[in-house]
Amino acid sequence: MVAPVDFDSQRLREGLANLAPWHRVAFAVSCVEVLIPAYLKFSELEEAGDRVLVRMWVDAVWSGLQGGNMSSAISELPSPDSIKELLPVQEEWNEWAPQAEDAIASLVYLLELLRDDNVDLAVYVAERAYAAADEFEAREQDLEVIGSDDSEVLLQASSIQAELQRQVDVLSALQDPVADSSIIAGLRAAAMRVPVGGLTGAG
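Residues numbered from 1 in each chain as written. Predicted model: local features only at pLDDT ≥ 70, side-chain atom pairs only at ≥ 80, totals over all residues. Heavy atoms only, no water.

Participant: Hey, could you run me through the overall build of the protein in this one?
Facilitator: Helix and strand counts for the protein stand at 11 helices and 0 strands. Relative to the 2.2 N^0.38 estimate, which gives 17 Å for 203 residues, the radius of gyration of the protein is 16 Å and therefore close to what a compact globule would have. Projected onto its principal axes, the C-alpha coordinates of the protein cover approximately 45 × 45 × 25 Å. Residues counted as buried form 47% of the 203 residues belonging to the protein. (Helix = DSSP H or I, 4+ residues; strand = E, 2+ residues; numbered from the N terminus. Rg over C-alpha atoms; globule rule 2.2 N^0.38 Å. Buried < 20%, exposed > 50% of the residue type's maximum accessible area, 1.4 Å probe, protein only.)

Participant: Is there a simple way to think about the packing of aromatic side chains in this case?
Facilitator: On inspection of all chains with the given rule, the structure shows 4 aromatic pairs. On the basis of an interplanar angle of 45° and a centroid distance of 6.2 Å, the ring pair of Tyr39 and Phe42 is categorised as tilted. Of this pair, Tyr39 and Phe42 both sit in helix H3 (residues 36-46), 3 residues apart, roughly one helical turn. You'll find Tyr39 and Phe42 in the same group, each marked buried. Ring geometry for Tyr109 versus Tyr124: centroids 5.2 Å apart, planes at 50°, classification tilted. (Phe/Tyr/Trp six-rings, centres within 6.5 Å; stacked < 30°, edge-to-face > 60°.)

Participant: Even after reading the chapter, I still don't get helix H2 (residues 21-33), so can you show me in this structure?
Facilitator: Residues spaced three or four apart along an α-helix point in a common direction, a consequence of the helix completing one turn every 3.6 residues. Helix length check: H2, at 13 residues, gives a terminal C-alpha distance of 18 Å against a target of 18 Å (1.5 Å per residue), a fit within 8%. Where burial is concerned, most of H2 is hidden: 11 out of the 13 residues are buried. (Expected span 1.5 Å × (residues − 1).)

Participant: Honestly, the pattern of salt bridges in this entry has me stumped. Any pointers?
Facilitator: Think of it this way: side chains of opposite charge can pair up when their charged atoms draw near. Throughout the structure, instances matching the rule amount to 13 salt bridges. Of the charged contacts in the structure, one is a salt bridge between Glu95 and Arg139, with a shortest N-O distance of 3.7 Å. Taken together, the residues span a long stretch of sequence, with Glu95 in the loop between helix H6 (80-83) and helix H7 (97-115) and Arg139 in helix H8 (residues 119-140) at a distance of 44 residues. (Salt bridge = Lys/Arg side-chain N within 4 Å of Asp/Glu carboxyl O.)

Participant: What am I meant to see in the side chain of Ser43 here?
Facilitator: On the secondary structure map, Ser43 appears in helix H3. Apart from residues lying up to four places away in sequence, Ser43 is in contact with Ala48, Gly49, Asp50 and Arg51. (Contact = heavy atoms within 4.5 Å.)

Participant: Which parts of the structure should I look at to understand the side chain of Glu33?
Facilitator: By secondary structure assignment, the location of Glu33 is in helix H2. Judged by its relative accessible area of 2%, Glu33 is buried. Setting aside its immediate chain neighbours within four residues, Glu33 contacts Arg55, Val58, Trp62, Arg188, Ala191 and Met192.

Participant: What is the right way to read the confidence of the model for the protein from this model?
Facilitator: If pLDDT is low for a region, its predicted coordinates should not be looked at in detail. Predicted confidence across the protein gives a mean pLDDT of 89, with 94% of residues reaching 70 or more. For the protein, the element scoring lowest by mean pLDDT is helix H9 (residues 148-155), at 68; H2 scores highest, at 97. (pLDDT = per-residue confidence, 0-100.)

Participant: Please explain the nonpolar core as it appears in this structure.
Facilitator: Soluble globular proteins tend to bury their nonpolar side chains together. In this structure, Leu16, Phe27, Tyr39, Val61 and Leu65 are the most contacted members of the largest nonpolar core, which totals 67 residues. In terms of residue count, the dominant contributor to this core is H8 (12 residues). Beyond its immediate chain neighbours, meaning those up to four positions away, Leu16 contacts Arg24, Phe27, Val119, Ala122, Val123 and Leu171. (Core = buried A, V, L, I, M, F, W, Y, C linked by side-chain atoms within 4.5 Å.)

Participant: How should unusual backbone geometry be read in this particular structure?
Facilitator: The phi torsion of most residues other than glycine is negative, and most of the peptide bonds are trans. One non-glycine residue, Glu47, adopts positive backbone phi at about 50°. As for its placement among the helices and strands, Glu47 is situated in the loop between H3 and helix H4 (51-67).

The structure is reproduced here in structure tokens:
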């Protein structure tokens, strides 16, 4: 039996630390991307937040990476603090609110990463994507209080393994010595294929 992929923040931090700044942004935005459909679904159900702007901001980062012009993309993006206003509040809660919360938090970290190349910020984004997948799967399995045995079962769930394996694959692709902006479209497509919650095409 193949051992499940786990989330190892220290190993991830070490891997990201050896990459170029744009590589870290590419890794982080791929983790944000898997959360966007859940945010769009939450926003649609509650008529809350701003689906168009959130999608546009993430698209702007992808475009900046593909065009090799991140400085231009940064100038068009809002401040991290202003994004926090889009976090779900109690009056706007629905089943997708936890993932929407992770989506906005991860977007905040991404915008901070664009302004301050701190590897920890990229790790935080990845952790949010993993946490969102974990919460979704726990809800699907109707696990309200998760013990150690449940955590092990959850880790092996296909939805969680899909996200953790995707993160491994992205890091591996970015670690290739010949990796350049030509790989960005593929990373984006890969993230769109395995959104947290399976909401492909939501919004």
